[in-house]
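The residues making up each chain are set out below.
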Amino acid sequence: MTRITLIEACNISVRRGSVTVLESVSFALHKGEIVTIVGPNGSGKSTMVRALIGALPVSTGKIIRSPGLRIGYVPQRLHIERTLPMSVRRFFNLPRRIDDTALADVISKVHIEHLLDRQMIDLSGGQFQRVLLARALLGNPQVLVLDEATQGLDQSGSAEFYQQVEAVRNELGCAVLMVSHELHVVMSASDRVICLNGHICCEGAPDVVSSQPEYQALFGTDTKGALALYRHEHDHSHDHDHDHDHGSVHVHGHTRSVLPPTQERDS
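Residues numbered from 1 in each chain as written. Predicted model: local features only at pLDDT ≥ 70, side-chain atom pairs only at ≥ 80, totals over all residues. Heavy atoms only, no water.

**Digging into the pattern of salt bridges**
- Throughout the structure, instances matching the rule amount to 9 salt bridges.
- Across the pair D105 and K109 runs a salt bridge whose closest N-O atoms are separated by 2.6 Å. Of this pair, D105 and K109 both sit in helix α3 (residues 100–110), 4 residues apart, which is roughly one turn of that helix.
- By relative accessible area, K109 is classed as buried at 12%.
- Across the salt bridge formed by E160 and R130, the nearest N and O atoms sit 3.1 Å from each other. (Salt bridge = Lys/Arg side-chain N within 4 Å of Asp/Glu carboxyl O. Helix = DSSP H or I, 4+ residues; strand = E, 2+ residues; numbered from the N terminus. Buried < 20%, exposed > 50% of the residue type's maximum accessible area, 1.4 Å probe, protein only.)

The following block contains the structure:
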């Protein structure tokens, strides 16, 4: 089946002054897939995402985006002044009023109908992130970007949020690009994981990547419990193929065949 590539990075590097933050990164994001970028603090995760969506220039290489690409963005955090009264409904209508039909559609997707008249500052962390997710969906994005979107949530809250993201992906058919430094549930919420540390160390299906020496050198070997917290079951079909087989992992630009210790993952 033909893949639809939405964003492609071709051997990009990003420098800040004399410091190289990213070096020789090549990456493609396809319609309908959930890709997570993991890595330690300072590994360039947010820099990579900002470059991919055009918010940050690259020093070398090039990025190709599908013409007219619609991107929805859920940030790490959003500061709301506590002395400023702002209901969820009013938040959606800033800076301009949103069509009632469009608003009703996104709030039903994310199940926040009961929050519309609540004050933003009174929302729990999980509720706040659902509101931000709904706002990101207003433009019917082809790519949904989540940059540390579960920061501050506990593990069960993170799992619930990622389940919601997967449900949105299944309904809209959009691609999802997530960034996290927390392993917890994010690994198995993904179709593909990229392990980043200034460059791409390895990439592939979550259960395959987590067994790689490059991954374990960054995060340790005791990750099976984290992977078990939320199981992303491939019981649905995707209208795309991946760059590589789910039974393979890309390491430093090479492909090494690896058979997962458990059942095969569907493509």
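The structure having been displayed, the exposition proceeds.
**Things to note about unusual backbone geometry**
- At the junction of L94 and P95, the peptide bond is cis and its omega measures out at 5° in the coordinates.
- Here P95 is to be found in the loop between α2 (88–92) and α3.
- The phi dihedral of S24 falls on the positive side, at around 55°, and the residue is not glycine.
- Note on placement: S24 falls in strand β2 (residues 19–30).
- Here the phi dihedral of E148 falls at roughly 55°; this positive angle occurs in a residue that is not glycine.

**Some points on the confidence of the model for the protein chain**
- Overall, the prediction assigns the protein chain a mean pLDDT of 80, with 79% of residues at 70 or greater.
- When pLDDT is averaged over each helix and strand of the protein chain, the minimum, 35, is found for strand β11 (residues 254–257) and the maximum, 97, for strand β4 (residues 60–65).
- In this model, residues 252–267 is a region of pLDDT below 50 whose contacts with residues beyond four sequence positions or in other chains number 37 contacts. (pLDDT = per-residue confidence, 0-100. Contact = heavy atoms within 4.5 Å.)

**Topic: the side chain of K109**
- Within polar-contact distance, the side chain of K109 engages the side chain of D105 at 2.6 Å.
- Residue contacts for K109: discarding those within four places in its chain leaves Q164, E171 and L172. (Polar contact = N/O pair within 3.5 Å; in protein donor to acceptor, adjacent residues only side chain to side chain.)

**Side note on the nonpolar core**
- Counting residues in each nonpolar core, the largest one holds 35 residues, and the members touching the most others are F92, M120, V131, L144 and L146.
- Among the secondary structure elements, those contributing two or more residues to this core are α2, α3, α4 (125–136), β6 (143–147), α5 (155–172) and β7 (175–180).
- Take this core: its biggest share by element is 6 residues, from α4.
- The next biggest cluster of nonpolar side chains, apart from the first, holds 26 residues, and it includes I12, L56, L177 and I194. (Core = buried A, V, L, I, M, F, W, Y, C linked by side-chain atoms within 4.5 Å.)

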